[in-house]
Amino acid sequence: DFIVHAHGERLLIDVKGRKYPGGKNDKPTYVWQNWSTQDDIDGLDRWERQFGSGSLGLLVFIYHLAPTVELPPGTVDLWHWRGRRYLMRAISVADYKQSMRIRSRKWGTVYLPGPAFRSTIRPFRDFSHPALVV
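Below: a short report on this structure. Computed from a prediction, not measured in an experiment: that's the story for all the values here.

**Considering the nonpolar core**
Counting residues in each nonpolar core, the largest one holds 17 residues, and the members touching the most others are L59, F61, Y63, I91 and Y96. Elements with a contribution of two residues or more to this core: β2 (9-20), α1 (38-51), β6 (55-65), β8 (84-92) and α2 (93-99). The element best represented in this core is β6, accounting for four residues. Discounting residues that sit within four places of it in the chain, I91 has contacts with G57, L58, L59, F61, Y96, L112, T120, I121 and F127.

Structure (structure tokens):
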């Protein structure tokens with residue numbers, strides 16, 4: 001979706017828009033959806049090889065947060081736009097591939113189980129502005 005030059009590195013970004021919570025308004029699901037298509041994973045791999053050294057394939061999950069969702073003060077990469085809030089999180093395609101599982105063979109989708117996702121997902125800023133990471 002995007003090629004971003006950040007601090008001498010090329011970030012090859014595939015954006016995944018999600019809602020949190022997901023599901024229907026009358027029956028919300030409080031799960032940080034992180035599925036992707038296998039084709040998108042394979043494509044990021046190809047782009048990394050094509051661009052070579054100094055490139056990093058990233059899945060960037062941008063969660064549209066419901067107004068009822070409360071986050072701790074100072075949450076990194078919380079973005080406000082047109083009266084809505086979005087949370088930006090990222091994971092390298094290499095890290096994603098290490099723990100991904102098949103979600104649907106029919107649709108060609110994969111996902112990370114909750115514990116693996118929580119242990120590897122990071123604020124997008126960790127990749128785009130590493131000097132700001134504390």
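Next comes the rest of the description.
**A look at the sheet that holds strand β9 (residues 101-104)**
Here we have three strands laid out as an open sheet, ordered β5-β10-β9, and antiparallel in their pairing. The sheet terminates laterally at β5 (36-37) and β9, the two strands that pair on one side only. In this sheet, strand β10 (residues 109-111) lies alongside β9 in antiparallel orientation, the contact comprising three bridges. Among the inter-strand pairings, I102 is bridged to a residue of β10, identified as V110.

How each quantity is defined
- Residues numbered from 1 in each chain as written.
- Predicted model: local features only at pLDDT ≥ 70, side-chain atom pairs only at ≥ 80, totals over all residues.
- Heavy atoms only, no water.
- Core = buried A, V, L, I, M, F, W, Y, C linked by side-chain atoms within 4.5 Å.
- Buried < 20%, exposed > 50% of the residue type's maximum accessible area, 1.4 Å probe, protein only.
- Helix = DSSP H or I, 4+ residues; strand = E, 2+ residues; numbered from the N terminus.
- Contact = heavy atoms within 4.5 Å.
- Pairing = 2+ DSSP bridges.

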